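Next come the chains, spelled out residue by residue.
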Amino acid sequence: MVITSSAIADGVTDNTAVLQSEIHAAAGNALYIPAGDYKFSNLSIINHNTKIHGDGQATRLITNSPTGDMLSVGNGPNEIRNIELEDFVLWSSVQRTAHAAISCAKIVRSNFENVYVGTLEDYNANGNRLYDGIAITEFGSVSINGGNIISAHNGLYCRGNGSQDFGAELFIGGGYRVVHCAVGGIVIAGGAGGVKIDDIDVSNCGSGLIVNSDGAGAFNREIFIGSEASFDGCANYGMQFAPNSCVYVEIDGAWCASNFIGVCIEGGQPADATFKLSDMRISRNNNHGIYAGDGVVLCVGTQMTNNGYGTFGGNGLYRAGTAKPMIFNGGYAANNGAGGAGSGIE
């Protein structure tokens with residue numbers, strides 16, 4: 001059964017109580033929120049099998065609260081299943097200073113489709129009013145397709161748990177866009193496996209992708225990045241793999257350009273860490289195209305061009321001191337180090 005919201009879409013009336021009641025009633029049903037601007041403070045989903053959908057970017061849920069998660073999914077101790085969020089915008093009428101637009105805890109078999117955490121129109125008119133975009137703490141089989149995130153801190157943050165038994169299968173793609181996030185566009189913060197990223201544009205962030213173990217206190221297991229993913233125009237790294245970040249990373253055909261460093265694999269990775277970089281296009285990064293500080297690195301068919309054009313120069317690929325194998329096969333390095341010292345491969 002579809003429940004049509006009775007909230008008042010005038011952008012002024014506080015609809016928190018009405019929307020919260022309707023969200024509870026939508027368990028096993030679907031809540032449809034028509035086009036309009038709906039003012040609220042904070043909302044939560046605590047029941048399985050809840051669907052909320054709107055009329056795309058014409059349905060705007062606008063918080064008046066500077067803190068607190070705008071929409072929380074799950075209560076933490078217990079998993080929540082079969083949540084569907086589709087076709088609406090989340091925005092704020094005030095400057096938010098903490099917390100996420102959507103925060104999920106132990107979410108399983110769920111799907112977000114065409115959910116817009118901010119829009120470019122709102123950003124251009126009012127600046128970056130949102131703090132964190134989407135935060136997912138422990139997950140199983142979650143898909144995020146379409147839509148975008150524009151937030152002042154992190155865009156999409158996800159992690160599993162320290163025991164490595166709750167954080168598997170997360171897909172991010174479907175034309176997704178993450179922009180103007182000052183810290184990380186996508187942050188994978190430990191204990192996660194089966195993370196797949198494709199058909200996504202991450203740009204103009206502090207770093208496009210940050211992979212670490214800071215949140216869960218344990219390394220990630222495997223991350224796959226596909227050919228339709230691009231990371232560009234970031235102040236620090238297109239992709240950063242911090243110490244103890246991941247056991248297996250496979251990047252197939254992704255684009256990484258116009259960052260400070262394209263791909264940074266820092267030292268101190270797990271003992272058997274492997275990074276497979278296939279058919280990538282790594283170009284016009286200010287410093288190194290690829291910095292490989294640790295791990296077994298397989299670089300196959302990857303093109304590294306015009307990197308190191310900044311003041312201090314840089315290399316197409318720089319291999320730091322480690323005895324672990326590196327294989328470079330089938331790609332090429334050209335016109336690197338133009339800004340100063342540097343070479344194709346060092």
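In the block above lies the structure referred to throughout.
Let me begin by describing the structure that accompanies this report. Please read all numbers here as calculations on a predicted model, not as lab measurements. (Residues numbered from 1 in each chain as written. Predicted model: local features only at pLDDT ≥ 70, side-chain atom pairs only at ≥ 80, totals over all residues. Heavy atoms only, no water.)

Some thoughts on the packing of aromatic side chains
In this structure the tally under the stated criterion is 3 aromatic pairs. Considering the side-chain rings of Y291 and Y318, the 5.8 Å spacing of their centres and the 20° angle between planes classify their relative orientation as stacked. Of this pair, Y291 sits in strand β28 (residues 290-292) while Y318 is found in strand β31 (residues 317-319), placing the two residues 27 residues apart along the sequence. On the basis of relative accessibility, which here comes to 25%, the residue Y318 falls in the partly exposed class. (Phe/Tyr/Trp six-rings, centres within 6.5 Å; stacked < 30°, edge-to-face > 60°. Helix = DSSP H or I, 4+ residues; strand = E, 2+ residues; numbered from the N terminus. Buried < 20%, exposed > 50% of the residue type's maximum accessible area, 1.4 Å probe, protein only.)

Observations concerning the environment of Y116
For Y116, the location among the structural elements is in strand β11 (residues 100-117). Along the chain, Y116 and R177 lie 61 residues apart, while their C-alpha atoms are 9.4 Å from each other. With residues up to four places along the chain from it excluded, the contact list for Y116 reads Q57, F88, V89, L90, G147 and N148. (Contact = heavy atoms within 4.5 Å.)

What to know about the pairing of strand β10 (residues 83-92)
Counting buried positions over the 10 residues of β10 gives 8, a clear majority of the element. Relative to β10, strand β7 (residues 59-63) is paired through 4 bridges, and the arrangement is parallel. Bridged to R60 within β10 is V89. (Pairing = 2+ DSSP bridges.)

Regarding the pairing of strand β22 (residues 237-241)
Most of β22 is tucked away, with 4 of its 5 residues classed as buried. Inspection of the sheet shows strand β19 (residues 207-211) paired to β22 by 3 bridges, in the parallel sense. Pairing of I210 across the sheet is with Q240, part of β22. Summarising the sheet, β22 and strand β25 (residues 261-265) pair through 4 bridges and their orientation is parallel. Counterpart to M239 in the pairing with β25 is V263.

Quick word on unusual backbone geometry
One non-glycine residue, N114, adopts positive backbone phi at about 55°. If you trace the backbone, N114 turns up in strand β11. We note that N306 has phi near 60°; this positive angle belongs to a residue other than glycine. Relative to the elements of secondary structure, N306 occurs in the loop between β30 (303-305) and β31.

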